[in-house]
Amino acid sequence: QVQLVESGGGLVQAGGSLRLSCAASGSIVRINRVGWYRQAPGKQRELVAAITSGSNTNYADSVKGRFTISRDNAKNMVYLQMNSLKPGDTAVYYCYADAVTSTSWGTYWGRGTQVTVSS
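Residues numbered from 1 in each chain as written. Predicted model: local features only at pLDDT ≥ 70, side-chain atom pairs only at ≥ 80, totals over all residues. Heavy atoms only, no water.

A. Inspection of the state of the cysteines at higher detail. Overall, the coordinates contain one disulfide when judged by the stated rule. In this model C22 forms its disulfide with C95; the gap between the sulfur atoms is 2.1 Å. The S-S bond linking C22 to C95 shows a torsion near -85°; that makes this disulfide left-handed. Taken as a pair, C22 in strand 3 (residues 18–26) and C95 in strand 9 (residues 91–101) lie far apart in primary sequence, 73 residues in all. The pair C22 / C95 is uniform in exposure class, with both members buried. (Disulfide = S-S within 2.5 Å. Helix = DSSP H or I, 4+ residues; strand = E, 2+ residues; numbered from the N terminus. Buried < 20%, exposed > 50% of the residue type's maximum accessible area, 1.4 Å probe, protein only.)

B. The pattern of salt bridges, seen in detail. Counted by the stated rule, this structure contains four salt bridges. The salt bridge partner of D89 is R38, with a shortest N-O separation of 2.9 Å. Here the residue D89 occupies a position in the loop between strand 8 (77–82) and strand 9, and R38 occupies one in strand 4 (residues 28–39), the gap between them amounting to 51 residues. Judged by its relative accessible area of 6%, R38 is buried. As a salt-bridge pair, D61 and K64 come within 3.1 Å of each other at their nearest N and O atoms. For D61, a relative accessible area of 64% gives the class exposed. Here the salt bridges do not stand alone but share partners, grouping R38, E46, R66 and D89 into one network. (Salt bridge = Lys/Arg side-chain N within 4 Å of Asp/Glu carboxyl O.)

C. Local environment of the side chain of S21. Considering the arrangement of structural elements, one finds S21 in strand 3. For S21, a relative accessible area of 14% translates into the label buried. Sequence-distant contacts of S21, that is, excluding residues within four places in its chain, are made with V5, E6, S7, W36, M77, V78 and Y79. (Contact = heavy atoms within 4.5 Å.)

D. Summary view of the environment of E46. Counting through the fold element by element, E46 comes out in strand 5 (residues 46–51). On a C-alpha basis, the gap between E46 and G88 in space is 13 Å, while along the polypeptide they are 42 residues apart. Sequence-distant contacts of E46, defined by excluding residues within four places in its chain, comprise W36, Y37 and R38.

E. Examining unusual backbone geometry more closely. Phi at S55 takes a positive value of approximately 70°, unusual for a residue other than glycine. Residue S84 is not a glycine yet carries a positive backbone phi of 50°. If you trace the backbone, S84 turns up in the loop between strand 8 and strand 9.

Written as structure tokens, this is what we have:
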């Protein structure tokens, strides 16, 4: 099994910045694609950003130029630097990872961290 724990969420004013972190632990052999989704009240969960094991990235159009995803493979960590935050970025942010463990493989999810951007 793989456990993902997010941190770094909080309340910030529009125009501010936050850095989310996601720590992966467990019987991890390899983490392939990893990234962040978000879900705002009354809306579907949407992909925010993802990064492959080869460091190829993709972003939602709404966050391009403002958010940056990165990973530290040695530490099994993934980060989301969020700049120029807008009220529309308010959501619960979830980390996910496509991982291979010593016994299986699959997609794993964290419990989420709340990001609230005030106007």
